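Breakdown of the fold
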Amino acid sequence: MSASSVIGTSLTMAKALNEGLRKAMEDDPKVVMMGEDVGKLGGVFRITDGLQKDFGEDRVIDTPLAESGIVGTAVGLAIRGYRPVCEIQFDGFVFPAFDQIVSQVAKLHNRSAGQVKVPITIRIPYGGGIGAVEHHSESPEAYFAHTAGLKVVACADPSDAYWMVQQAIADDDPVIFLEPKRRYHAAKAEIAAAPTPLHQARVIRPGTAATLATYGATVSVALEAAEAAAADGTQLEVIDLRSVSPIDTETVVDSVRRTGRLLVTHEAPLSFGPAAEIAARVQEQAFYSLEAPVLRVTGYDTPYPPSRLENEWLPNLDRVLDGIDRLMSY
Amino acid sequence: MTVERESTSTSVVDPGPTWGEYYRQMSLIRAFELRAAEMYQRAKIGGYCHLNLGEEATVVGLMAALEPRDYLFTTYREHGYALARGLEPGPVMAELFGKTTGVSGGRGGSMHLFDRKVRLLGGYGIVGGQIPPATGAALALTYRGEPGPNAEAVMCLLGDGTTNIGAFHESLNLAALWHLPIVYVIVNNGLGMGTPVDRSAAEPDLYKRGCSYRITGERVDGDDVIAVRDAANAALTRARAEREPGLLETVSNRLRGHSVVDPAKYRSKQEAERLRALDPVHAVRARLIAEQVLDEDTARRIDEEAEARVDAAVAFADASPDPDPATLFQHAYATAVPNAPHRLPADPVVPVPELLP
C-alpha cells in the first residue's frame, strides 16, 4: 500500500504506525530504523513489518540486544545528520538505555550550545492490560518528562499514530514516542487528512460538568467513562493531552475555567507523575475557577502488579467513575 | 601496578620541523594545564577540572595521526586534545571559566569542549558516555562513502576504568559486527581515579579486551610520541581502508590527582617522585637538546611562547562576559517549545488577569 493512499481509510493503530513509519522513510532518506528484531521479523508487535524488505538492511537495522548501544549509536547518527528511529521492544527495556537518553540524547544540543541537534525518535510500546507483568507493562513517561531536552508524546488513536510518528521523526528535538500497546489492534479508525500540531492537546468530547484529561492508553477509558457519566446526566469534557512534555497547559486551563473541575488519569504511578504536574499548573493558573481540588486516578505506587491484579491496578472504568463521583461531590 | 610497556617503536628522532611542532604542542599543553590548575585554585574555574599533565606525549601523538577530516570523541580529560586539534587556547580557557566566548558557549565547561569546525564532537563527563555515540558517528560514515585510504574515520578516547563499563562492550561488539571505521583508544594512566587497573579489570592487559569481538588490540608506550602516532596511524589506516575497528592502548602516567582537587593520597611519596622523574615533557625536551634537534635557546623560546599564549588565553577568558540568565532556556531544545515553563524570578507566580475581575 502506498502511504499517500491511507488518508481516509480505516486502520488499526498498529497498521497506522507502520504506514506512518513507511511515509517518514519515503519522505526523508535520512530516516533510519534500528532495534531488536525490527528488520526481518518486523518487530515483536510487527510495527516495522515489511520496512526492511522495502528499504533495505542499511535503513532498517536489526541490532544486537544492547539498548544503550542502540540509543547511543543513534546519537552518533543523529549528530552526523541522520534521523534515527529506535524501537525499544517493551517499556521496561528502556532502562538499560536510560544513561544515554538522559545524559546524551537530552543534553547534547544544550551542552554544545546548539552546535549539534539530536533528532532521534525513541518508540516505546508502553502500558499494561495485556496480561504481562513488570518490564512488559510499564508506563515510564514521568522519568523522561522530568528531563529537559526531551519531548514525550503518546498517541491514542490510529489517525494520531499515523501523523504523530511522522511529526516526531521530522522534529529536530529528541522525542520519546509512547505507543499504547494494548490499543495496537483494539479498533480501526479513519486516518485524518491533516495532522494536529504535535504538542497540542485536543478536546475529544465537549462537556460542561468537569474536565477529564488523559493521554495514550487511558483515552479510551476516559471516553467510556464520559459515556457512562452522560447516561447519569453528567457531561464530562474529555481532553486527549497527546503530549506529556511539553504539556499543552492552555487547553486544559481553558477547559477548567469553563467546567471548574478536573480529574487527570494515567497508567503511570501516582506520585510525581504527569497528573501531579498538571494539577500544579492548573492551580497556579486557574485557582479562582476551581470548584474542587484536582483529583488523580492513576496506577498505584507499587511495582507493576502480577497479571491477575492488573485490572484493579490500572485506572479502569470503575476507578475513573469513582473519581468523577468524588470530584462532583465537592 | 606498573604496566609493562610493549612499545613497538624505536622512535628515532627525526630532525626537522615535525619534532619542533610536537614539542611546541607538548609545551603548550603543559603550560595550559598548569595554568588551569592555578586558575582552579583561584576559583576562576568551578566544579571539577581534569588535567592532561603527564599525558602530553600521548595527546600529541594521537592528534598527529588524526586527519582534519576525521572525527574525535574524547573524555572529560580533554583540554590537551582540543589544543592539539588546533583550537585556540583563549576559547578553551574561556570554556573552563564558563564564559560566553568558550568553545561551547560556557555551557559545557571543562569536561565538555565541543567544536564542530575541527570535528571535535565532544568531551564527555560521564565515563563511557561517548562510546556509543562515537560508534554511531562511525556508522554514519559508512553511509557516506566507500572505504579507502582517504576515507574518514572516528577516534574515540576512553580511560582505563571505562573498559569496565557495559557501553564499552556493547559498542565494540557493534563496531566489529558492522565493520565500522573507528579506533578506540584506551588512555591507560594506571588509575581509575584512585583504583589501580589490576584491581578493576579482570583482564588488566586492556588492549586484549577487544579479543571477544575479534578486534585487533595493541599497546604502546604513551610517553613516546612517535610510537603513539605510528600505532594510531596504523589503526586508522585499517579503519579507513578495511573498515575494521581498532583498539589501541597507550600507557602513560597521570602526574597529579584525578582532578585538581584530588590530593592523590593513594600514591606514596616515592611513587610520586618516580613519576616526576619520568615526566614526558621534560624527557622529550632533554632528549631533543641532547640529540641536537633543538638547541636550548629554541626550546626556551618555545616554552616562553607557550606561556605567552596561555597568558593571553587567561586574559581573554577573564575579560569575556558571563552568560546572561535570559539565555538559560536558549539551547534546551532545538525547536521552539510551546508551554515550557520559562519563569524567571521577576515573573508573577499568578498571571495578573486571573486576579482581576
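Quick notes on the rules
- Residues numbered from 1 in each chain as written.
- Chains lettered and ligands numbered in written order.
- Predicted model: local features only at pLDDT ≥ 70, side-chain atom pairs only at ≥ 80, totals over all residues.
- Heavy atoms only, no water.
- Helix = DSSP H or I, 4+ residues; strand = E, 2+ residues; numbered from the N terminus.
- Rg over C-alpha atoms; globule rule 2.2 N^0.38 Å.
- Buried < 20%, exposed > 50% of the residue type's maximum accessible area, 1.4 Å probe, protein only.
- Contact = heavy atoms within 4.5 Å.
- Areas by Shrake-Rupley, 256 points an atom, 1.4 Å probe, with all protein chains shown as cover.
- Domains from an automatic or database assignment.
- Buried area = accessible area lost by both parts, 1.4 Å probe.
- Salt bridge = Lys/Arg side-chain N within 4 Å of Asp/Glu carboxyl O.
- Polar contact = N/O pair within 3.5 Å; in protein donor to acceptor, adjacent residues only side chain to side chain.
- Nonpolar A, V, L, I, M, F, W, Y, C, P; charged D, E, K, R; others polar.
- Axes fitted to C-alpha atoms, helices over the stretch in contact; angles between N-to-C directions.
- Parallel < 35°, antiparallel > 145°, perpendicular 65-115°, else oblique.
- Left-handed = near helix turned anticlockwise from the far one by under 90°.
- Pairing = 2+ DSSP bridges.
- 1 Å grid on protein atoms, 1.4 Å probe; cavity = no way out; pocket = protein on both sides within 12 Å on 5 of 7 lines; lining within 4 Å.
- Points joined across faces, edges and corners; volume = space filled by probe spheres on them.
- Expected span 1.5 Å × (residues − 1).
- Phe/Tyr/Trp six-rings, centres within 6.5 Å; stacked < 30°, edge-to-face > 60°.

**Quick notes on the overall build of chain A**
- Scanning chain A from terminus to terminus reveals 12 helices and 14 strands.
- Its C-alpha atoms give chain A a radius of gyration of 19 Å, within 12% of the compact-globule value 20 Å for 330 residues.
- Viewed in the frame of its principal axes, chain A has a C-alpha envelope of about 60 × 45 × 40 Å.
- The burial tally for chain A puts 64% of its 330 residues in the buried class.
- Of the contacts made within chain A by residues no fewer than 6 positions apart, 80% connect residues no fewer than 24 positions apart.
- For chain A, the exposed surface amounts to about 11600 Å²; the carbon and sulfur share of it is 52%.

**A word on the domain arrangement of chain A**
Residues and elements named next belong to chain A.
- For chain A, the assigned domains read domain 1 (3-190) and domain 2 (202-328).
- Taking the mean C-alpha position of each, domain 1 and domain 2 sit 26 Å from one another.
- With 28 residues of domain 1 at the contact, the number on the domain 2 side is 25 residues.
- Here domain 1 and domain 2 share an interface that buries about 1900 Å² over both sides, 52% of which is from carbon and sulfur atoms.
- Inspection of the region where domain 1 meets domain 2 yields four salt bridges.
- Of the charged contacts in the structure, one is a salt bridge between Arg242 and Asp160, with a shortest N-O distance of 2.8 Å.
- Connecting domain 1 to domain 2 are 13 residue pairs in polar contact (both at pLDDT 80 or more).
- For the side of domain 1 that touches domain 2, the secondary structure elements donating two or more residues are helix 6 (141-145), strand 6 (151-154) and helix 7 (158-170).
- The dominant element in the side of domain 1 that touches domain 2, judged by the number of residues it contributes, is strand 6, at four residues.
- In the side of domain 1 that touches domain 2, the residues fall into 14 nonpolar, six polar and eight charged.

**Digging into the interface of chain B and chain A**
- Facing the 46 residues of chain B at the interface are 57 residues of chain A.
- Surface buried jointly by chain B and chain A totals about 3900 Å² across both partners, of which 59% is contributed by carbon and sulfur atoms.
- Seen at the junction of chain B and chain A, the total is zero salt bridges.
- At the surface where chain B touches chain A, the tally comes to 16 residue pairs in polar contact (both at pLDDT 80 or more).

**Considerations on the packing of helix 3 (residues 67-79) of chain A against helix 5 (residues 131-144) of chain B**
- Across the interface, helix 3 of chain A lies against helix 5 of chain B with an axial gap of 6 Å and an inter-helix angle of 55°. For the element pair helix 3 of chain A / helix 5 of chain B, the angle class is oblique. For the pair helix 3 of chain A and helix 5 of chain B, the sense of crossing is right-handed. In this structure, helix 3 of chain A uses A:Ser68, A:Gly69, A:Gly72, A:Thr73, A:Val75, A:Gly76 and A:Leu77 to contact helix 5 of chain B, whose residues at the interface are B:Pro132, B:Pro133, B:Thr135, B:Gly136, B:Ala137, B:Leu139, B:Ala140 and B:Tyr143.
- Tallied by class, residues from the contact of helix 3 of chain A with helix 5 of chain B come to eight nonpolar, seven polar and no charged.

**Observations regarding the sheet that holds strand 3 (residues 182-188) of chain B**
Residue and element names in this part refer to chain B.
- Taken in spatial order, the five strands of this open sheet run 1-2-3-7-6, and their pairing is parallel. Each edge of the sheet is formed by a strand with only one pairing partner; in this case those strands are strand 1 (71-73) and strand 6 (216-221). Within the sheet, the average angular offset between the axes of one strand and its neighbour, ignoring direction, is 20°.
- Across six bridges, the pairing between strand 2 (residues 154-159) and strand 3 is parallel.

**Looking at the layout of surface pockets**
Residue and element names in this part refer to chain B.
- Estimated volume of the second largest pocket: approximately 460 Å³.
- In this structure, the second largest pocket is lined by 27 residues; those nearest its centre are Arg30, Leu34, Leu53, Leu255 and Asp279.
- Element by element, the count of residues in the lining of the second largest pocket is highest for helix 1 (residues 17-41), at seven residues.
- The class makeup of the residues in the lining of the second largest pocket is 13 nonpolar, five polar and nine charged.

**Structural notes on helix 10 (residues 296-319) of chain B**
- Here helix 10 of chain B is 24 residues long and its end C-alpha atoms lie 34 Å apart, about the 34 Å a rise of 1.5 Å per residue gives.
- Listed in full, the buried residues belonging to helix 10 of chain B are B:Ala299, B:Ile302, B:Ala306, B:Val310, B:Ala313, B:Val314 and B:Ala317.

**Quick notes on the pattern of salt bridges**
All names here are of chain B.
- Inspection of every chain in the model, using the stated rule, returns 43 salt bridges over all chains.
- One salt bridge in this structure joins Arg35 and Asp311, with 2.8 Å as the shortest N-O distance. Of the two residues, Arg35 is situated in helix 1 and Asp311 in helix 10; the sequence distance between them amounts to 276 residues.
- Arg35 sits in the buried class, given a relative accessible area of 13%.
- Assessed through its relative accessible area of 41%, Asp311 is described here as partly exposed.
- Ionic pairing is found between Arg300 and Asp297, a salt bridge with its closest N-O pair at 3.2 Å. Of the two residues, Arg300 and Asp297 are both situated in helix 10; the distance of three residues between them amounts to about one turn of the helix.
- Counted as one network, the salt bridges with shared partners bring together Arg35, Glu38, Arg42, Glu307 and Asp311.

**Quick notes on the packing of aromatic side chains**
All names here are of chain A.
- What the rule picks out here adds up to 13 aromatic pairs over all chains.
- When the centroid spacing of 5.5 Å and the interplanar angle of 85° are considered together, the rings of Phe287 and Tyr288 count as edge-to-face.
- In this structure an aromatic cluster arises from ring pairing among Phe45, Phe90, Phe93 and Tyr184.

**Re the sheet that holds strand 5 (residues 121-126) of chain A**
Residues and elements named next belong to chain A.
- Taken together, the seven strands give an open sheet; going across it, the order is 3-2-4-5-7-6-12, and neighbouring strands pair in mixed fashion. Every interior strand has two partners, whereas the edge strands, strand 3 (60-62) and strand 12 (243-245), have only one. Mean inter-strand twist for the sheet, computed between neighbouring axes without regard to direction, equals 20°.
- Helix-sheet contacts for helix 1 (residues 13-27) involve strand 2 (31-35), strand 3, strand 4 (83-87), strand 5 and strand 7 (175-180), and the interaxial angle to strand 2 is about 135°.
- Along the sheet, helix 7 contacts strand 2, strand 4, strand 5, strand 6 and strand 7; its crossing angle with strand 7, the most-contacted strand, is approximately 165°.

**Digging into the pairing of strand 5 of chain A**
All names here are of chain A.
- Taking burial as the measure, the six residues of strand 5 include six buried ones, the bulk of the element.
- Residues Thr121, Arg123 and Pro125 line one face of strand 5 and the alternating positions Ile122, Ile124 and Tyr126 line the opposite face, and both faces are buried.
- Bridge count between strand 5 and strand 7: six bridges; the pairing is parallel. Opposite Tyr126, over in strand 7, you have Pro180 as the bridge partner.

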